[in-house]
Amino acid sequence: MQHTGGGDQPLGPIDPLQVPRFAGPATYARLPRLDQVERCDVAIVGVPFDGGVTYRPGARFGPAAIRAGSRLMRGYHPGLDVQPFASQQVADAGDIACTPFDVAEAIAQIEAGVKELLGASGAFVALGGDHTIALPLLRAVHATHGRVALVHFDAHLDTWDSYFGAAYTHGTPFRRAHEEGLLASDRCAHVGIRGPLFSPQDLVDDSGFGFTIVGAFDYLTRSVASVADELRARVGDAPVYVSIDIDVLDPAHAPGTGTPEAGGMTSRELLATVRALAGITIVGADVVEVAPAYDHAEITSIAAANVVYELLGLFATR
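The structure reproduced in this document is the subject of the present report.

Conventions adopted
- Residues numbered from 1 in each chain as written.
- Predicted model: local features only at pLDDT ≥ 70, side-chain atom pairs only at ≥ 80, totals over all residues.
- Heavy atoms only, no water.
- Pairing = 2+ DSSP bridges.
- Helix = DSSP H or I, 4+ residues; strand = E, 2+ residues; numbered from the N terminus.
- Right-handed = clockwise from strand over helix to strand, strands pointing away.
- Buried < 20%, exposed > 50% of the residue type's maximum accessible area, 1.4 Å probe, protein only.
- Axes fitted to C-alpha atoms, helices over the stretch in contact; angles between N-to-C directions.
- Parallel < 35°, antiparallel > 145°, perpendicular 65-115°, else oblique.
- Left-handed = near helix turned anticlockwise from the far one by under 90°.
- Contact = heavy atoms within 4.5 Å.
- Nonpolar A, V, L, I, M, F, W, Y, C, P; charged D, E, K, R; others polar.
- Polar contact = N/O pair within 3.5 Å; in protein donor to acceptor, adjacent residues only side chain to side chain.
- Arc of directions from axis to C-beta.
- Salt bridge = Lys/Arg side-chain N within 4 Å of Asp/Glu carboxyl O.

1. Section: the pairing of strand β8 (residues 211–215)
Here is step 1: Bridge count between strand β7 (residues 183–193) and β8: five bridges; the pairing is parallel. Its bridge partner being in β8, Ile193 is matched across the sheet by Gly215.
Here is step 2: Taking the sense of rotation as the criterion, the β-α-β connection linking β7, helix α5 (residues 201–208) and β8 turns out right-handed.

Written out as structure tokens, the structure reads:
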């Protein structure tokens with residue numbers, strides 16, 4: 001039984017008091033499919049592509065894992081005092097089909113798929129896939145909103161130039177986005193960065209692209225509220241894209257990912273930081289790099305599903 005308020009109210013998830021959590025559709029939070037609703041404010045869309053990884057593969061299975069980890073999501077978000085599924089129509093748009101053999105072709109297919117999706121939905125949260133997908137997603141958002149501010153949660157900068165001569169990988173999307181003029185100048189921030197780099201020049205280049213950095217170890221001396229205040233001031237009133245690599249979390253909180261780095265954020269710190277961004281003009285988001293083959297007891301997919309819920313809360317506060 002689908003839960004709905006009736007009339008013009010959004011069609012919500014399957015009623016958990018009628019159908020138990022372990023049953024029902026395999027959509028995110030057991031929400032309706034996009035073809036079951038007359039309108040859609042925020043679409044959940046899977047992008048099962050991991051042809052841009054440089055270490056452990058497997059994020060192509062991330063969308064299905066995140067959906068499986070979302071079955072315990074409930075309708076009321078007490079932290080933000082919003083109802084993400086009742087104050088807006090959220091629907092699951094399924095997955096964008098893209099080739100696993102040709103990175104450039106896959107990027108074009110993802111961009112075209114999201115542009116088409118934005119014709120039927122006001123915004124989206126993408127379930128990755130590896131971080132390569134952020135570039136075509138930003139291209140699609142740029143076509144609608146112009147240059148956007150970026151809040152990027154990750155262990156890694158992802159502004160490197162190339163790997164083995166390849167310009168399009170999961171370590172290069174935001175350098176390409178800067179080069180293509182997709183990002184608002186000096187409105188971008190990385191959060192959770194840690195670990196060794198290839199060279200000091202990595203930081204010089206990154207700063208030159210207009211990014212500021214809040215490192216994972218900054219959370220030892222700074223509060224979540226302090227970090228969120230800095231991020232909110234950074235993006236201002238610009239349209240904001242939020243990109244979240246699940247490896248921003250410590251491997252203890254997200255073992256199921258392709259390039260784990262010790263010393264990361266806790267799931268509570270990540271959820272609290274995203275939640276504290278309430279009120280920003282969010283226009284799109286992704287949660288990427290969930291690789292369930294390396295997961296234990298669905299730790300990573302459950303964390304990712306909750307991150308998606310926090311993002312839906314941000315859309316609900318707009």
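Further notes follow.
2. Things to note about unusual backbone geometry
Here is step 1: Going from Gly128 to Gly129, the amide bond is cis rather than trans, its omega being 20 degrees.
Here is step 2: As for its position among the elements, Gly129 is in the loop between β5 (123–128) and α3 (134–145).
Here is step 3: Although it is not a glycine, Phe164 adopts a positive phi angle of roughly 50 degrees.
Here is step 4: Its place among the elements puts Phe164 in the loop between β6 (148–153) and α4 (173–179).
Here is step 5: Look at Phe164 and you get exposed, because its relative accessible area is 91%.
Here is step 6: The residue Glu289 is not glycine, and still its phi comes out positive at about 70 degrees.
Here is step 7: Tracing the sequence through the fold places Glu289 in the loop between β10 (281–288) and α8 (299–317).
Here is step 8: According to the relative accessible area criterion, Glu289 is buried, its value standing at 2%.

3. Some points on the packing of helix α7 (residues 267–275) against α8
Here is step 1: As a packed pair, α7 and α8 sit with axes 9 Å apart at the nearest point and diverge in direction by 10 degrees. When the axis of α7 is compared with that of α8, the two are roughly parallel. For the pair α7 and α8, the crossing hand works out as right-handed. Along the contact surface, α7 presents Leu270, Leu271, Val274 and Arg275, while α8 presents Asn306, Val307, Glu310, Leu311 and Leu314.
Here is step 2: In terms of residue class, the contact of α7 with α8 is built from six nonpolar, one polar and two charged.

4. Observations regarding the packing of helix α6 (residues 224–235) against α7
Here is step 1: Contact geometry for α6 and α7: axes closest at 9 Å, N-to-C directions at 40 degrees. Comparing the axis directions of α6 and α7 gives the class oblique. Seen from above, α6 lies across α7 with right-handed handedness. Contacts from Val224, Val227 and Leu231 in α6 reach Glu269, Ala272 and Thr273 in α7.
Here is step 2: Looking at the contact of α6 with α7 residue by residue, the class counts come to four nonpolar, one polar and one charged.

5. Notes on the side chain of His131
Here is step 1: Structurally, the position occupied by His131 is in the loop between β5 and α3.
Here is step 2: A distance of 3.2 Å separates a polar atom in the side chain of His131 from a polar atom in the side chain of Asp154.
Here is step 3: Separated by 2.9 Å, the side chains of His131 and Asp158 make a polar contact.
Here is step 4: Setting aside anything within four residues of it in sequence, one finds His131 in contact with His152, Asp154, Asp158, His170, Pro173, Phe174, Ser243, Asp245, Asp286, Val288 and Glu289.

6. Regarding α7
Here is step 1: Regarding α7, the residues found buried are Leu270, Leu271, Thr273 and Val274. With its buried residues spanning 165 degrees around the axis, α7 presents them on a single face.
Here is step 2: If you follow the buried residues of α7, they end up packed against β6, α6, β9 (239–245) and α8.

7. Structural notes on the pattern of salt bridges
Here is step 1: With the rule as written, the count across this model stands at 15 salt bridges.
Here is step 2: For the salt bridge of Asp50 with Arg60, the shortest nitrogen-to-oxygen distance reads 2.8 Å. In this pair, Asp50 sits in the loop between β3 (42–47) and α1 (62–68) while Arg60 sits in the loop between β3 and α1, placing the two residues ten residues apart along the sequence.
Here is step 3: The exposure class of Asp50 is buried, given its relative accessible area of 4%.
Here is step 4: Residue classification places Arg60 among the partly exposed residues on the basis of a relative accessible area of 37%.
Here is step 5: When salt bridges with common partners are traced through the structure, they connect Asp161, Arg175, Arg176, Glu179 and Asp205 into a single cluster.

8. Notes on the sheet that holds β5
By definition, the strands of a sheet pair up through backbone hydrogen bonds, in either a parallel or an antiparallel sense.
Here is step 1: In spatial order, the strands read β4-β3-β5-β10-β9-β6-β7-β8; together these eight strands make up an open sheet with parallel pairing. On the outer flanks of this sheet lie β4 (90–95) and β8, each paired with one strand and no other. Averaged over all neighbouring strand pairs, the angle between strand axes comes to 15 degrees, with direction disregarded.
Here is step 2: Where β3 meets β5, six bridges bridge the pair, whose relative direction is parallel. In the sheet register, Gly46 faces β5, and the bridge partner there is Leu127.
Here is step 3: Here α3 sits on the sheet in contact with β5, β6, β7, β9 and β10, set at roughly 170 degrees to β9.

Limitation: the analysis is restricted to geometry and does not speak to function.
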